[in-house]
Every structure is written in C-alpha cells, then in structure tokens.
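Results of the structural survey
Read off the chains here:
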Amino acid sequence: ATITLQNYFRMYNTLAGMTGTAVTEEGEFSEIYDLPVVEIPTNEPVRRVDHNDQIFRTKREKYNAIIEEIKHWFSLRRPVLVGTISVEVSEIISRLLKRESIPHEVLNAKYHQKEAEIVAYAGQPGSVTIATNMAGRGTDIKLGKEVVKCNTCVIKCQNNCDKAGANAPSDPQDCINKEVPCGLHIIGTERHESRRIDRQLRGRSARQGDPGSSRFYLSLEDDLMRIFGSDRIAGLMAKMGLEDGEAIQHPWMTKAVENAQKRVEGHNFEIRKQLLKYDDVMNQQREVIYNYRQKVLKGENLRAEIVEMMEDFVANKISDAVENIEYEEAWPVEDIYNWFEDELHIDLDYPEVEDNIKNQQDLSYHLFQQLLDFYESKERDFEEQQRSLERYSVLKVVDSEWKDHLYNMDRLKEGISLRAYGQKDPLIEYKKEGYELFLELTDNIKEKVIQNVFTLYPEIFYRVKQGVKDVELSHKGKTAFQRGKAAKQQQAQAAPQKQRQQTSSQSKSKPRRVEKVGRNDPCPCGSGKKYKHCCGRKG
C-alpha cells in the first residue's frame, strides 16, 4: 500500500507538535492540516547577533573568506561552528583548515559514533567544529566558562527593558545591538532552499539566554543564487568595481536572498499540494477498501453483502452480454446460462417462453433466483463453514485485486501529465479515469468472490466426496474382476484342447523336451491358477 505523509498524518484524530521553525510554514500547516501556529515567547532574552550575508563572485573567494573568519575567532579563543549543506563541502572546509594548521573536528555521517563527544566539546574556547545541517541536531552545545564574558550584552529590548528579562540593563540605549565578542559563533557556508534549515543552524547558538552570533557566506555559483538573481547581482558587482575577494554586504541583499528562499519554498509547497490532490483521489478509494476489509477482519456476517454481490454480478454479466443486441429474440440466453454453469459449477434451468422474460430485469431476476436457491441449499448444508469460507474469499480477493489496482493507478499517474498537451486538466482526467478503474475493481471483486463462494466447499465435503469416489472405484474394480475371472475360466477350459493340438502338431515336426510341472506350480497355460486346478485337473 502507498500513502502520502499528509494523508497519513490526517488519519490521526488529534494533531499537535512543537518546533522552533513552524512560523515559516504557517500557511501549509493551516491549509493542509487546519492547524494554527502559535508562537511562544522565549524563556530568556535573545542575545544572538545575526550579521548580514556576504556575497562573493565565486566559491573559491567564499571559502577563502570563511577560512579567514575562522582564523580570526580562533585567535580570540571563541568557539566556532561551521554549518554546511553536504558532506562534500564539510570535507573541503576541513582540508582548507588543515593547510592553515587549525585544529578542528568534523561532524557528519562518517563520524556518527563520535558525535556526542564532538558536540559536547564544540562550546569550549578555541574549538572549531564543522557540521552538516543534520548532524548534532537535538543536542545543546554547552558553552565553556571562559566563552561567556558578559551576562547582559546584546539583549534586544522591545517597548521597554522590563520585558527583556531580569538581567537587562536599566538604560534602554545600552541594550540595543551592543555586541561583546563572546558566545558561540555560527558560520553558514551556503543558504538552504528552506529558511527553516537556516534558522535551525542559527539556533545552535544563543540558547537559553546565552550570547552568540551568526553570519552566512554566499557566492554567485551557489545553487540558490544561480536560480534567482545571480545575473543581476553580478552586474551590480561589476558596476561597483569590486575587486577579487571583495563581497557585497547589505541588508537589502540579505532580504533579497530570503525572498528567493520564499519563492523556492512556495514552489516546493505547490508540488506537495499537487501531489496531495492526486493522493486525495486514492485516499477516498483507500478508505472504502480498508473499511470494508476491516469489517471482514472483525468476523462480521457477510451474508447480506454476498447476496448483494450476487445480484450485481448477474446484472452486470447479462448487461455486458446483451448490450449491443437490439432485439430480445436475438439474446444469447443459452450462452449466458452455459457460462454461469461452467464458471460456478452448477446446473440451471433455462427460461421458457411462458416464464415471461421480457427484458434484462426479468432475465436477471430469473437467473438470480436460481443462484440464490443454490446458495441457500449450500448454506443449509454448511452454515458455519460457509461463513468462514465467505470471509476467507472476500479477504483474499480484495487483497489481490487491490494490489493490482494500485499498480494500475501508478501507471495512470505516470502518463496523465501528457493530457495537458491536449488542453485538458491532468488532475480532472486522473479523477475521471481513476473512478473508472475503481468501478472495474469493484466489479472484479464481486465476480471473483461469487465464483469462490459457489466453487469452494469445506474440507469435510471433499473428504466425503473422495470417500464416495473410492467406494465407486472399488465397486467398479470388483465387478471388472468378476468379469475377468469368468473370462479366464473359459480360457482355461479351452486351453488343454488347444495345447494338445499344438503339442501334437509340434511333435510331428520337431521333438521337444517335456518338463514335469508340479501340482502347486503356476499352470503353463498362463491362466494364473495352480496347475492342479487348471490343466492338471483329473478327469
């Protein structure tokens, strides 16, 4: 079975969650899950300074600038965490730091066994840690004693300092962007497509009222910058006469990068929403099948459903057989009844003229009544076993047909986008053809379930049937044995005379040696009897 994450989560009666980056996805939470996003104020004032992004022409210039900043903070004995978007980039930074003889630790999937130890050391003075966005998540980086040099620096006040916390200074002017170089410094080597990932990286520092800072380094060769606005920014750099190694650093540029991220997020959200619309079609079908399947698993009596299936099955088969035949006199009634007899292994009475068969409804009713009579007679003979057989048949057929249906729906989805070339909405076409496939699924389920109900019997039935067959074979074998015995007796009576004639003729032509036959030996004539009871009888 397949299901999207969205529909999987929507199966729960209650949904709730907590994350530090839900605000950026507020629209998706509301539209998909009908969940409001509530922002909870921080426990302590935020003391992190987020510097503007620095944008370079090439990745080489960007990496050189990152190494220079790491060297600067390393000389001041301040811990640095370098966040990368991939393992390859983390290894590039590691090689560059080795050239500068700067001790560092690399935290990625290749060193997951040392992850806890590396994270615990990342907040010590002078430590340099390189980590991918996924590494070390969920673990707070504890700062060393010498790292925090001030308890009130960089506290951002809103309205008044009383709301900033008990450690806020008394003068509001002293707490507005007044930076003291302490705390963990975050360096981002590239902007991610999602703002949430960048915010999670920034949030590694300045936790629970600790100080910290962050800065992102970008280049026009980055994937995000190449997709959005790299040509315009490159022209702006050329007009400004920036030399090799110089960067653009301005709040407008940082804002432009965030807008590019919003566009990418919007595009990805549209993809997810479109995927969800397609899965909603499957979700409706999935609910019907799984609810019915659950009813079978609970062991409920399916007699009413079986009778309804039987009625629909008969009506569908007759409708298909006479669909293109205009006159009732030309209907292949005999072929229809023969088909039901062959498929269901039963004997049926063909309708006569006096049966008042005037239309499809009459023919369906006549045939359905005969099937119902046979079903009820079988039910009287095996009532308890019949219920178990029905549950087994339904469950087996539904599982088998549902798997085939999922495969057909996947194939339909793969090529449905081509309908757009014919000025048709692929989603509407998918819904329409998906519904037709579902109707075909239900018809197949009804047909195969009815076939199983009529052709399957409890095990005891087959045992009795086999016993009767063995008795009949035994009786036939005994009768044949008696006939063979009489024939052999006639042959035995004629054998001595025939043998004497042959002996006399052979004795005239050629002398032969006569061997003595014992009374209890098999008779040489081949009758199978002892010699004394056959050719050796006296008189």
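Predicted model, so just to flag it, every value in this text is computed and none were measured.

Broken down by element type, the chain carries 15 helices and seven strands. The burial tally for the chain puts 37% of its 539 residues in the buried class. Within the chain, counting contacts between residues at least 6 apart in sequence, those at least 24 apart form 72% of the total.

What follows is about helix H12 (residues 360-381). Turn by turn, an α-helix covers 3.6 residues, leaving residues three or four places apart pointing in a common direction. Taking 1.5 Å of rise per residue, 22 residues should cover 32 Å, and H12 covers 32 Å from first to last C-alpha, within 8% of that figure. For H12, every residue scored as buried is listed here: Leu-363, Ser-364, His-366, Leu-367, Phe-368, Gln-370, Leu-371, Leu-372, Tyr-375, Lys-378 and Glu-379. Structurally, H12 contributes buried residues whose contacts are with helix H10 (303-322), helix H11 (333-344), helix H13 (383-416) and helix H14 (426-455). For H12, the N-terminal capping position is held by Asn-359, with its side-chain oxygen 3.2 Å away from the main-chain nitrogen of Gln-361.

The final tally for this structure, using the stated rule, is four cavities of 30 Å³ or more. Approximately 40 Å³ is the volume attributed to the second largest cavity. Lining of the second largest cavity is provided by Ile-141, Leu-143, Leu-184, Arg-204, Ser-205, Ala-206, Arg-207 and Asp-210. Across the lining of the second largest cavity, the residue classes break down as four nonpolar, one polar and three charged.

With that out of the way, let us pick up the packing of aromatic side chains. In total, this model carries 11 aromatic pairs according to the counting rule given. Geometrically, the ring pair formed by Phe-56 and Tyr-217 is stacked, given 6.3 Å between the ring centres and 15° between the ring planes. Here Tyr-217 lies in strand E7 (residues 211-219) and Phe-56 lies in strand E2 (residues 54-56), a separation of 161 residues in the sequence. Just above the ring of Phe-216 sits the side chain of Arg-191; from NZ or CZ to the centre is 4.7 Å. Lys-378 extends its terminal NZ or CZ atom over the ring of Tyr-457, reaching a point 4.2 Å from the ring centre.

With that out of the way, let us pick up a nonpolar patch on the surface. A contiguous nonpolar patch, built from Ile-3, Leu-5, Tyr-8, Phe-9, Met-11 and Tyr-12 and spanning about 620 Å² of accessible area, is present on the exposed surface. Position of Met-11 among the secondary structure elements: in the loop between helix H1 (5-9) and helix H2 (26-33). For Met-11, a relative accessible area of 58% puts it in the exposed group.

All right, on to unusual backbone geometry then. Phi angles above zero are rare outside glycine, and Ala-206 is one such case at about 60°. By secondary structure assignment, the location of Ala-206 is in the loop between helix H6 (195-202) and E7. Among the residues examined, Ala-206 registers a relative accessible area of 17% and is labelled buried. The backbone of Gln-423 shows a phi angle near 60°, a positive value even though the residue is not glycine. Residue placement: Gln-423 occurs in the loop between H13 and H14.

Turning to the nonpolar core, a few remarks are in order. Formed by 45 residues in total, the largest nonpolar core has its most connected members in Ile-306, Phe-340, Leu-371 and Phe-454. For this core, the elements supplying multiple residues, two or more each, are helix H9 (251-297), H10, H11, H12, H13 and H14. The dominant element in this core, judged by the number of residues it contributes, is H14, at nine residues. Setting aside chain neighbours within four positions, we find Phe-340 in contact with Phe-313, Val-314, Lys-317, His-345, Ile-346, Leu-348, Leu-367 and Leu-371.

Further remarks concern the pattern of salt bridges. Enumeration according to the criterion identifies 27 salt bridges in this entry. In this structure, the salt-bridge partner of Glu-28 is Arg-272, at a minimum N-O distance of 2.7 Å. Placement of the pair is Glu-28 in helix H2 and Arg-272 in helix H9, with a sequence separation of 244 residues. A salt bridge links Lys-295 to Glu-305; its shortest N-O distance comes to 2.3 Å. With Lys-295 in helix H9 and Glu-305 in helix H10, this residue pair connects regions lying 10 residues apart in the sequence. Judged by relative accessible area, Lys-295 falls into the partly exposed class, the value being 25%. Several salt bridges converge on common partners, so that one network encompasses Arg-303, Glu-376, Glu-379, Arg-387 and Glu-390.

On to the confidence of the model for the chain. Put simply, the chain has an average pLDDT of 80, and 76% of its residues get 70 or more. Note that residues 507-514 has pLDDT below 50 and, in this model, two contacts with residues that lie over four places away or in other chains.

For the rest of this paragraph, the subject is a negative patch on the surface. A cluster of acidic residues, Asp-320, Glu-323, Glu-440 and Asp-443, forms a negative patch on the protein surface. Positionally, Glu-440 belongs in helix H14.

Among the eight residues of H6, six are classified as buried, and the element is accordingly described as predominantly covered. What H6 keeps buried is the set Arg-195, Ile-197, Asp-198, Gln-200, Leu-201 and Arg-202.

Take the environment of Ser-94 next. Note that Ser-94 resides in helix H4 (residues 87-99). Separated by 35 residues in sequence, Ser-94 and Thr-129 have C-alpha atoms that sit 9.5 Å apart. In this structure, Ser-94 is in contact with His-104, Val-106 and Ile-130, ignoring residues within four places of it in sequence.

Turning next to the packing of H2 against H9. Look at H2 against H9: their axes get within 12 Å of each other, and the N-to-C directions meet at 10°. With respect to their mutual orientation, H2 and H9 come out roughly parallel. The segment H2 lies against H9, with Glu-28, Glu-31 and Ile-32 engaging Phe-269, Arg-272, Lys-273 and Leu-276. Tallied by class, the residues present in the contact of H2 with H9 amount to three nonpolar, no polar and four charged.

Reading the values: the criteria
- Residues numbered from 1 in each chain as written.
- Predicted model: local features only at pLDDT ≥ 70, side-chain atom pairs only at ≥ 80, totals over all residues.
- Heavy atoms only, no water.
- Helix = DSSP H or I, 4+ residues; strand = E, 2+ residues; numbered from the N terminus.
- Buried < 20%, exposed > 50% of the residue type's maximum accessible area, 1.4 Å probe, protein only.
- Contact = heavy atoms within 4.5 Å.
- Expected span 1.5 Å × (residues − 1).
- Polar contact = N/O pair within 3.5 Å; in protein donor to acceptor, adjacent residues only side chain to side chain.
- 1 Å grid on protein atoms, 1.4 Å probe; cavity = no way out; pocket = protein on both sides within 12 Å on 5 of 7 lines; lining within 4 Å.
- Points joined across faces, edges and corners; volume = space filled by probe spheres on them.
- Nonpolar A, V, L, I, M, F, W, Y, C, P; charged D, E, K, R; others polar.
- Phe/Tyr/Trp six-rings, centres within 6.5 Å; stacked < 30°, edge-to-face > 60°.
- Lys NZ or Arg CZ within 6 Å of the ring centre and 35° of its normal.
- Patch = residues over 30% accessible without salt bridge, like charges linked within 9 Å, V, L, I, M, F, W, Y side chains within 5 Å.
- Areas by Shrake-Rupley, 256 points an atom, 1.4 Å probe, with all protein chains shown as cover.
- Salt bridge = Lys/Arg side-chain N within 4 Å of Asp/Glu carboxyl O.
- Core = buried A, V, L, I, M, F, W, Y, C linked by side-chain atoms within 4.5 Å.
- pLDDT = per-residue confidence, 0-100.
- Lys, Arg positive; Asp, Glu negative; His and termini not counted.
- Charge placed at Lys NZ, Arg CZ, Asp CG, Glu CD.
- Axes fitted to C-alpha atoms, helices over the stretch in contact; angles between N-to-C directions.
- Parallel < 35°, antiparallel > 145°, perpendicular 65-115°, else oblique.

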